[in-house]
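# Overview (structure and organization)
Here is how the chains run, residue by residue.
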Amino acid sequence: VQLQASGGGLVQPGGSLILSCAASGSIFSIAAMGWYRQAPGQQRELVATITNSGRTAYADSVKGRFTISGDNAKKTVNLQMNSLKPEDTALYYCNAFDRRTLSDYWGQGTLVTVSS
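For clarity, every value in this text was computed on a predicted model and none was experimentally measured.

A word on the overall build of the chain. Each helix and strand counted, the chain has zero helices and eleven strands in total. Traced from its N-terminal end to its C-terminal end, the chain shows the element sequence β-β-β-β-β-β-β-β-β-β-β. On C-alpha atoms alone, the chain measures out to a radius of gyration of 13 Å, which is about the 13 Å that the 2.2 N^0.38 rule sets for 116 residues. Dimensions of the chain, computed from the C-alpha atoms along their principal axes, are close to 45 × 25 × 20 Å. For the chain, with 116 residues in total, the buried portion stands at 37%. By element, 49% of the accessible surface of the chain is carried by carbon and sulfur atoms, the whole surface being about 6,100 Å². Side chains of the chain carry 10 positive and 7 negative charges; the gap between the two charge centres is 5 Å.

Scanning the entire structure with this criterion turns up one aromatic pair. Each ring, one from tyrosine 36 and one from tryptophan 106, has its centre 5.0 Å from the other, and the planes form 75°; the classification is edge-to-face. Of this pair, tyrosine 36 sits in strand 4 (residues 30-38) while tryptophan 106 sits in strand 10 (residues 103-106); the two residues are 70 residues apart in sequence, bridging distant segments of the chain. By relative accessible area, which is 36% here, tryptophan 106 ends up partly exposed.

A separate point is the sheet that holds strand 1 (residues 2-6). Taken in spatial order, the four strands line up as 1-3-8-7 in an open sheet, and their pairing is antiparallel. Sheet topology places strand 1 and strand 7 (66-71) at the edges, where each strand pairs with a single neighbour. On average, each strand axis in the sheet is inclined to that of its neighbour by 15°, with strand direction left out of account. One ladder, built from five bridges, connects strand 1 with strand 3 (residues 17-24); its direction is antiparallel. Bridge pairing in strand 3 links glutamine 2 to serine 24.

For the rest of this paragraph, the subject is the state of the cysteines. Per the counting criterion, the structure on display carries one disulfide. Here cysteine 21 engages in a disulfide with cysteine 94; their sulfurs sit 2.0 Å apart. The chirality of the disulfide connecting cysteine 21 with cysteine 94 is left-handed, given an S-S dihedral of about -90°. Placement of cysteine 21 in strand 3 and of cysteine 94 in strand 9 (residues 90-98) is noted, with a sequence separation of 73 residues between them. Take cysteine 21: its relative accessible area is 3%, and that puts it in the buried class.

The next thing to look at is the environment of valine 112. Inspection of the secondary structure puts valine 112 in strand 11 (residues 110-114). Beyond its immediate sequence surroundings of up to four residues, valine 112 is in contact with Gly8, Gly9, Leu17, Leu19, Met81, Asp88, Thr89, Ala90 and Tyr92.

Mapped onto the elements of the fold, arginine 65 is located in the loop between strand 6 (56-58) and strand 7. For arginine 65, a relative accessible area of 10% translates into the label buried. The residues touching arginine 65, leaving out its near neighbours within four places in the chain, are Gln80, Met81, Asn82, Ser83, Leu84, Lys85 and Asp88.

Cut-offs used in this document
Residues numbered from 1 in each chain as written. Predicted model: local features only at pLDDT ≥ 70, side-chain atom pairs only at ≥ 80, totals over all residues. Heavy atoms only, no water. Helix = DSSP H or I, 4+ residues; strand = E, 2+ residues; numbered from the N terminus. Rg over C-alpha atoms; globule rule 2.2 N^0.38 Å. Buried < 20%, exposed > 50% of the residue type's maximum accessible area, 1.4 Å probe, protein only. Areas by Shrake-Rupley, 256 points an atom, 1.4 Å probe, with all protein chains shown as cover. Lys, Arg positive; Asp, Glu negative; His and termini not counted. Charge placed at Lys NZ, Arg CZ, Asp CG, Glu CD. Phe/Tyr/Trp six-rings, centres within 6.5 Å; stacked < 30°, edge-to-face > 60°. Pairing = 2+ DSSP bridges. Axes fitted to C-alpha atoms, helices over the stretch in contact; angles between N-to-C directions. Disulfide = S-S within 2.5 Å. Contact = heavy atoms within 4.5 Å.

Take it as geometry only, folks, not as evidence of what the structure does.
Next up, the structure:
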């Protein structure tokens, strides 16, 4: 499984960005996709996930501001980020979980910088 992420960039506080990720390769057994992030000097943390059935989960810090959506057939996932704050600045990683191999796959990371 390969994951290609896009959409990061520089945005002012209060602004919006959309991150997109597409899976390719042996995608038939992907059960869930999501986004994680890692700020400098911090551990990687979950941002949002979505299962094949459409069930979503969010970190408390982004609830009400971020929305995850996906196309189960195409194995793509998007993250709409609104009301961005400087503390949202991080490398954002796309993730896919394969239910057959019980493996996590990661994209290359896309940088989101929230600054005035």
